[in-house]
Amino acid sequence: MSTTDIWMLIAGLGFFLYGMFHLEDSLKQMEGRSFKLFLQKNTKHQFRAILSGTFVTAILQSSSIVNLMVLSFVGAGILSMRNAMAVVLGANIGGTFNSWLVAMLGFKVELNNITLPLIGISGISLIIFSHKKNIYRIALFCMGLGMLFLGLQFMKQSMDALMTQFDFTPYLNYPRIAFLLIGFIITAIVQTSSATVVVVLTALYAHIIPIETAIAIVLGAELGTTVKLILGAIGGNAAKKRVALGNSLFNILTSAAGFIFINPIIQFISGTILIKDPILILVAFQTFINVAGVLLIYFFLNKYGNFLDHQFKEKEKNLTHFIQSASIEIPSTITDMLKKEVGLYIENVIRFNLETFHIKPDWLINSEFEHIYLKQHPRNDSLNLSNQYQLLKETEGEILSYYAKVIAQMPQSDEMIKINQLIEALRNAMYSAKGMKDIYPDKTEFSNSINEVKYEMYHQFQKELSDFYKELYLSFTYRDGSNGLETIDDLLEKNKIDFDKRINHFYFHAGQNVLKEKDISTLFNLNRELYSSCKALALAVKDYKGING
């Protein structure tokens, strides 16, 4: 057994996986949204959901893509757990289509007659028609198919060489469970059962392993496909974990049954269905256990769905802290609790905005909300800015949802005027956070620039923001006598003056030709967004502080 033969086998597997990647990618580009709409429309009834899962997986060549679609539908409340599982079960059947494609074409047709023209024509088309979207996607699909067949051809050649140079007979005496574990481990590592199945088909074609051993490996591959979904569900919501559990239990059931009844099923396929070719027997076996499993579980799908619905119960988690304590019968409690809620929200926005500019001040103390913020964000639990922003959006949505219920039940009154003012403060604070989130890429570019002018301007922005936020935070936390509104008016005026000064500063540098045209445009946009963000946050604090009590 030479090193060349081993590398030819590995290269063939690499070509095969690369071809599969391009097949999936081209199909996702061509019909991603269409398949989502198709699934959404055809999953209202369980039988149609199974057929839809089978059809879409057969076309997309990947049950993983279909499972991800299902997860998004379940999370959005579009699909019930029962119908979601029906789609996943159908996807297991559709996943065997690739095995049939390889078995029928890869081992029954002279591959050179297909592979070389496919790769040649599609490769040239990818270059010539790179700007023709539809032709490019078709060429990408054909290139994927060609690479898949080329990989298969490499594996066939290497297996033929291995067969003549190496005696596999002693290893075939190991118990079948060992081969099942081999299939499981390989699939868990390469994250696709297609690769495992095609290697087994090639070994079976070269008469290296008997049909029983080949089936044991493929059954292990069926189990190995669950690893990817389980890993994806770790840390996810309850719905995600339920889908992963449902699919895992199904694969364990079908693989265990197939393993126990290997010989009777082989006899049924060869004797009753009259399939004699070992390659086709293997693929038919894989399809048979999935179809039989779906037929068996179909009649218990409602009970199966109910069982899954009771797993991984999530505790309802409120992002708000105070409004749950308010009572509609006592309007003043709504104002008091909403003011605390909006105050905490402004605290979160101030800290978020400072973090986007890497400002870590020592004056973020003495706020009545500091202890709650630190409880929400432990020092060793650093969320990235994207996740922090999403939490701000979700919290705002929760407060606005509460507000919508309040205005439907409360008459117009002085309390309602105060509540509206607090909601205006909330909206301004959110607008301020959005502005800072939007400029983050531009800010990062300037902070990492080797251009001294850009780097100096970044530090200028940083210093002016730090000074602004220090004064604003002092006004926000001010509790003695005056409510600090005079300081906020002064800050709003200073914010406008700094904005105008920076514009003049930018024009000066633009005239010195030390900045590129793109950088000049970026500076003006950055300046405008910072001005608007600071103004919005100052107005939020002003509205918040303007509420007495």
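For clarity, every value in this text was computed on a predicted model and none was experimentally measured.

A.B. asks: Help me understand the overall build of the protein in this model?
C.D. replies: Within the protein one finds 22 helices and 0 strands. Counting the 549 residues in the protein, one finds 49% classified as buried. In the protein, the proportion of contacts linking residues at least 24 apart, taken out of those at least 6 apart, comes to 79%. Carbon and sulfur atoms make up 60% of the accessible area of the protein, which totals about 27,200 Å².

A.B. asks: Help me understand the nonpolar core, please; the structure alone is not making it clear to me.
C.D. replies: A general trend in soluble globular proteins is that nonpolar side chains are found buried together. Residues Ile-346, Ile-350, Phe-357 and Tyr-469 are the most contacted members of the largest nonpolar core, which totals 65 residues. Those elements giving two or more residues to this core turn out to be α15 (331-356), α17 (385-409), α18 (414-438), α20 (452-477), α21 (485-511) and α22 (517-545). If one sorts the elements of this core by residue count, α15 sits on top with 11 residues. When near neighbours in sequence (up to four residues on either side) are disregarded, Tyr-469 contacts Ile-350, Asn-353, Leu-354, Trp-363, Ser-432, Ser-533, Cys-534 and Leu-537. Counting residues in hydrophobic clusters, the runner-up holds 43 residues, among them Leu-148, Ala-216, Ile-266 and Leu-280.

A.B. asks: Help me out: how do you make sense of the environment of Tyr-298 in this one?
C.D. replies: Structurally, Tyr-298 can be placed in helix α13 (residues 278-298). For Tyr-298, a relative accessible area of 27% gives the class partly exposed. For the pair Tyr-298 and Phe-47, spaced 251 residues apart in sequence, the C-alpha to C-alpha distance is 8.2 Å. Not counting the four nearest positions on each side in its chain, Tyr-298 is found in contact with Gln-46, Phe-47 and Ile-50.

A.B. asks: Looking at this structure, how should I read the pattern of salt bridges?
C.D. replies: Any two side chains of opposite charge can pair, given that their charged atoms come close. Inspection of the entire model under this criterion finds 10 salt bridges. Lys-437 is paired through a salt bridge with Asp-438; the nearest N and O atoms lie 3.0 Å apart. Its salt-bridge partner being Lys-496, residue Asp-500 comes within 2.9 Å of it at the nearest N-O pair. Of this pair, Asp-500 and Lys-496 both sit in helix α21, 4 residues apart, roughly one helical turn. Judged by its relative accessible area of 32%, Asp-500 falls in the partly exposed class. Connected through salt bridges with shared partners, the residues Lys-434, Lys-437 and Asp-438 form a single ionic network.

A.B. asks: What am I meant to see in the packing of α15 against α17 here?
C.D. replies: The geometry of a pair of packed helices is captured by two quantities: the angle between their axes and the separation between those axes. Following both chains from N to C, one finds α15 and α17 inclined at 160°, their axes separated by 11 Å at the closest point. When the axes of α15 and α17 are compared, the pair comes out roughly antiparallel. Like other packed secondary-structure pairs, α15 and α17 cross with a definite hand, here left-handed. Between α15, through Ile-334, Leu-338, Glu-341, Tyr-345, Asn-348, Val-349, Phe-352, Glu-355 and Thr-356, and α17, the contact on the second element is made entirely by Leu-385, Gln-388, Tyr-389, Leu-392, Lys-393, Thr-395, Glu-396, Ile-399, Tyr-402 and Val-406. Here the residues of the contact of α15 with α17 are counted per class, giving 11 nonpolar, 4 polar and 4 charged.

A.B. asks: Help me out: how do you make sense of α13 in this one?
C.D. replies: Quick reminder: α-helices carry 3.6 residues per turn. Residues three or four places apart thus point the same way. With 21 residues, α13 ought to run about 30 Å at 1.5 Å a step, and its terminal C-alpha atoms sit 30 Å apart, in line with that. Sitting at the amino-terminal end of α13 is Asp-277, which places a side-chain oxygen 3.0 Å from the backbone nitrogen of Ile-279.

A.B. asks: Explain the packing of α18 against α22 here, please?
C.D. replies: Following both chains from N to C, one finds α18 and α22 inclined at 155°, their axes separated by 8 Å at the closest point. When the axis of α18 is compared with that of α22, the two are roughly antiparallel. Crossing angle aside, the handedness with which α18 passes α22 is left-handed. In this structure, α18 contributes Gln-421, Leu-422, Glu-424, Ala-425, Asn-428, Ala-429, Tyr-431, Ser-432, Gly-435 and Met-436 to the contact, and α22 contributes Glu-529, Leu-530, Ser-532, Ser-533, Ala-536, Leu-537, Leu-539, Ala-540, Asp-543 and Tyr-544. Among the residues forming the contact of α18 with α22, the class breakdown is 11 nonpolar, 6 polar and 3 charged.

A.B. asks: What am I meant to see in the environment of Thr-226 here?
C.D. replies: As for its position among the elements, Thr-226 is in helix α10 (residues 211-233). Classification of Thr-226 as buried rests on a relative accessible area of 7%. For the pair Thr-226 and Phe-250, spaced 24 residues apart in the sequence, the C-alpha separation amounts to 9.7 Å. In contact with Thr-226, not counting residues within four places along its chain, are Asn-247, Ser-248 and Asn-251.

A.B. asks: Sorry, what's going on with the confidence of the model for the protein here?
C.D. replies: When pLDDT drops low, the exact placement of atoms in the prediction is not to be read closely. Confidence in the prediction of the protein, expressed as mean pLDDT, is 80, and 81% of residues score 70 or more. Per-element confidence in the protein ranges from a low mean pLDDT of 65 for helix α3 (residues 63-75) to a high of 91 for α18.

A.B. asks: Mind showing me how you'd approach the packing of aromatic side chains here?
C.D. replies: Within the structure shown, the criterion is met by 10 aromatic pairs. For the ring pair Tyr-473 and Phe-476, a centre distance of 6.1 Å and an interplane angle of 45° mean the geometry is tilted. Highlighted residues: Tyr-473 and Phe-476, both in helix α20, separated by 3 residues, approximately one helical turn. Given a relative accessible area of 5%, Phe-476 falls into the buried group. Here the aromatic cluster, defined as three or more aromatic residues joined through ring pairs, consists of Phe-47, Tyr-298 and Phe-299. We note Lys-340 situated over the ring of Phe-322; from NZ or CZ to the ring centre the distance is 5.8 Å.

A.B. asks: Where do I start with unusual backbone geometry in this structure?
C.D. replies: In this structure, Leu-274 is a non-glycine residue whose phi angle is positive, near 65°. Within the fold, Leu-274 resides in the loop between α12 (262-272) and α13. Overall, Leu-274 belongs to the exposed group, its relative accessible area being 59%. The phi angle at His-358 is positive, at roughly 55°, despite the residue not being glycine. With respect to the helices, strands and loops of the structure, His-358 is situated in the loop between α15 and α16 (370-376). Its relative accessible area of 45% is what places His-358 among the partly exposed residues.

About the thresholds
- The residue numbers shown here count from 1 along each chain, following its written sequence.
- Under the rules for a predicted model, residues below a pLDDT of 70 receive no local features and side-chain atom pairs below 80 are neither given nor counted, while totals for whole chains, interfaces and linings still include all residues.
- With hydrogens and water set aside, each side-chain value is computed from the structure's full complement of heavy atoms.
- Working definition: helices are DSSP H or I runs of at least four residues, strands are E runs of at least two. Numbering for both runs from the N terminus.
- Burial classes follow relative accessibility: with a 1.4 Å probe on protein chains only, a residue under 20% of its type's maximum area counts as buried, one over 50% as exposed, and anything between as partly exposed.
- Throughout, a residue-residue contact means that at least one pair of heavy atoms, one from each residue, lies within 4.5 Å.
- The Shrake-Rupley method, run with a 1.4 Å probe, gives the accessible areas here. Residue values count only the displayed protein chains as cover.
- We call a set of buried residues a nonpolar core when its members are Ala, Val, Leu, Ile, Met, Phe, Trp, Tyr or Cys and they connect through side-chain atoms within 4.5 Å of each other.
- The working definition used for a salt bridge is a side-chain nitrogen of Lys or Arg within 4 Å of a carboxyl oxygen of Asp or Glu.
- Between the N-to-C directions of two axes lies an angle of 0 to 180 degrees, each axis being a line fitted to C-alpha atoms and, for a helix, fitted only over the stretch in contact.
- When describing relative orientation, an angle under 35 degrees is termed roughly parallel and one over 145 degrees roughly antiparallel, while 65 to 115 degrees is termed roughly perpendicular and anything else oblique.
- In this scheme the crossing of two helices becomes right-handed for a clockwise turn of the near helix relative to the far one and left-handed for an anticlockwise turn of less than a right angle.
- In this classification, Asp, Glu, Lys and Arg are treated as charged, Ala, Val, Leu, Ile, Met, Phe, Trp, Tyr, Cys and Pro as nonpolar, and every other residue, Gly included, as polar.
- Here the expected length of a helix is defined as 1.5 Å per residue gap, with one fewer gap than residues.
- N or O atoms closer than or at 3.5 Å make up a polar contact, with two conditions inside protein: a donor-capable atom paired with an acceptor-capable one, and, for residues adjacent in sequence, both atoms drawn from side chains.
- pLDDT runs from 0 to 100 and stands for how confident the predictor is about each residue.
- Classification of ring pairs rests on two measures: the distance between centres of Phe, Tyr or Trp rings, Trp counted by its six-membered ring, which must be within 6.5 Å, and the angle between planes, read as stacked under 30 degrees, edge-to-face over 60 and tilted in between.
- In this scheme, the term charge over a ring applies when either NZ of a lysine or CZ of an arginine sits within 6 Å of the ring centre and within 35 degrees of the ring normal.

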